[in-house]
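# Reading the structure
Given next are the chains, with one letter for each unit.
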Amino acid sequence: MLFPEYRARRMRSSDAFRRMIRETVLTTDDLILPLFAIGGKNVKNPIESMPGHYQLSTDNLKKVAKEAFDLGIPAVMLFGIPETKDPLGTQAYAKNGIVQQAVKEVKNAVPGLAVITDVCLCQYTDHGHCGMVDKNIIDNDASLDLLARIAVSHAKAGADMVAPSDMMDGRVAEIREALDENELPHIPIMSYAVKYCSAYYGPFRAAAHSAPKFGDRRTYQMDPGNALEAIREATMDVEEGADIIMVKPALSYLDIICRVKDEIDLPIAAYNVSGEYAMIKAAEKMGWIDGAKVMMETLTSIKRAGADIILTYSALDAAKILRG
Ligand code: PBG
Ligand code: ZN
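In every chain, residue numbers begin from 1 and rise along the written sequence. The lettering of chains begins at A and the numbering of ligands begins at 1, in the order of writing. Residues qualify for local features only when their pLDDT is at least 70, as the model is predicted, and side-chain atom pairs are given and counted only at 80 or more; totals for whole chains, interfaces and linings, by contrast, use all residues. Each side-chain value is derived from all of the structure's non-hydrogen atoms; neither hydrogens nor water enter the calculation.

Omega for the peptide link from F3 to P4 comes to 10 degrees, which places this bond in the cis form. By the criteria applied, helices consist of DSSP H or I runs no shorter than four residues and strands consist of E runs no shorter than two, each listed in order from the N terminus. Assignment of secondary structure puts P4 in the segment before α1 (15-21). Each neighbour pair has its own omega, and for K248 with P249 the value is -10 degrees, a cis peptide bond. Tracing the chain through its elements places P249 in the loop between β10 (244-248) and α8 (254-263). Positive phi, close to 50 degrees, is recorded for N42, a residue that is not glycine. Structurally, the position occupied by N42 is in the loop between β1 (31-38) and β2 (44-46). Note on classification: 1.4 Å probe, protein chains only; a residue is buried when its accessible area is under 20% of the maximum for its type, exposed when over 50%, partly exposed between these limits. Classification of N42 as exposed rests on a relative accessible area of 59%. Unusually for a residue other than glycine, K135 sits at a positive phi of about 50 degrees. Along the chain, K135 turns up in the loop between β6 (132-134) and β7 (137-139). Of the residues examined, K135 reaches a relative accessible area of 74% and is grouped as exposed.

Looking now at the packing of aromatic side chains. Classification of ring pairs rests on two measures: the distance between centres of Phe, Tyr or Trp rings, Trp counted by its six-membered ring, which must be within 6.5 Å, and the angle between planes, read as stacked under 30 degrees, edge-to-face over 60 and tilted in between. Counted according to the given criterion, the structure contains eight aromatic pairs. The interplanar angle of 0 degrees and the centroid separation of 6.3 Å between the aromatic rings of F36 and Y313 together place this pair among those described as stacked. Here Y313 lies in the loop between β12 (309-312) and α11 (315-322) and F36 lies in strand β1, a separation of 277 residues in the sequence. The residues F36 and Y313 share a single accessibility class, namely buried. Taken together, the ring pairs connect F36, F79, Y192, F204, Y271, Y277 and Y313 into an aromatic cluster. The ring of Y54 is capped by K44, whose NZ or CZ atom sits 4.6 Å from the centre of that ring. For a Lys NZ or an Arg CZ to count as sitting over a ring, it must be within 6 Å of the ring centre and within 35 degrees of the ring normal.

With a 1 Å grid laid over protein atoms only, a set of points is called a cavity when a 1.4 Å probe fits there but cannot get out and a pocket when it is open yet has protein on both sides within 12 Å along at least five of seven lines; lining residues have an atom within 4 Å of a point. Grid points are joined across faces, edges and corners, and a volume is the space filled by probe spheres set on the points. For the coordinates displayed, the defined rule picks out one cavity of 30 Å³ or more. Put simply, the largest cavity is a space of about 150 Å³. Forming the boundary of the largest cavity are 19 residues, of which C122, K195, Y201, F204 and K248 lie nearest the centre. Those elements giving two or more residues to the lining of the largest cavity turn out to be β9 (190-195) and α6 (202-208). In this classification, the charged set is Asp, Glu, Lys and Arg, the nonpolar set is Ala, Val, Leu, Ile, Met, Phe, Trp, Tyr, Cys and Pro, and all remaining amino acids, among them Gly, are polar. Residue composition of the lining of the largest cavity, by class: 10 nonpolar, four polar and five charged.

Quick look at the structure:
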């Protein structure tokens, strides 16, 4: 189709036409809101680099969960900030650990809201790594049993879905097996399958006190230069029994979302991470961009790239805009 027979501007000429032919439309159904649970009562500690987000005690967490549900957001993702840390991350799978408590309370208060829990060790280990540490090496196989215990304890507390974010090899299979053995075969696994070693996690680590105390995560999270490896990681997790495959971060990895969507026949989630959120908020605060517009454009681009589900700290803001 060539000019002047084809005029691209014809179908852009009115709002009605633009809406009729729009290929990607964001809805509240696409969004998952991440939340940070901490002990205590009436706690609402602002997270400086993530304006609008807080470390919340369960009483306040319930209120935000209710607000999300009322706005049409189908699910939240819970992260826990424990009172104590140790080498084995025991608070991660403690029966009355922070996530276990928060899940129970949120499910009681808002039963229709799906509660997904992040399964990892880094907030709970004194060294801050996502797996067991032996002589400063992250021990893959020794971590699997603990990760499975965390997942089972979350599901027993009432979590509707578990989401391992540790990047140990083989953990999806181990978690699937443990859930099945504990009469939890109906609990799905959303795998952080394609998780890059990214500097965009900075604000999250400050919020969750989960930065590694030595070294970095390069031996278990993916190298930003790699794309074919994303397909291998995703394929491995599909074969191990994952129900949803996640790509993380989102914005610098839109090509990866697109490739994974093409290759994998499971729902694809993308995590619009803390640093991506912080950059928009910071530029907005400076008066340099229209934050709300940039946020909506960003979320639309993540969906257009192939994400069926978007985890985003902007979920409440976006839902309010979508609801008019
Ligand atoms: C920890 C975890 C991280 C995030 C989610 N789970 C950070 C990390 O790998 O250190 C990042 C979330 C974000 O930046 O928003 N396993
Ligand atoms: Zn971790």
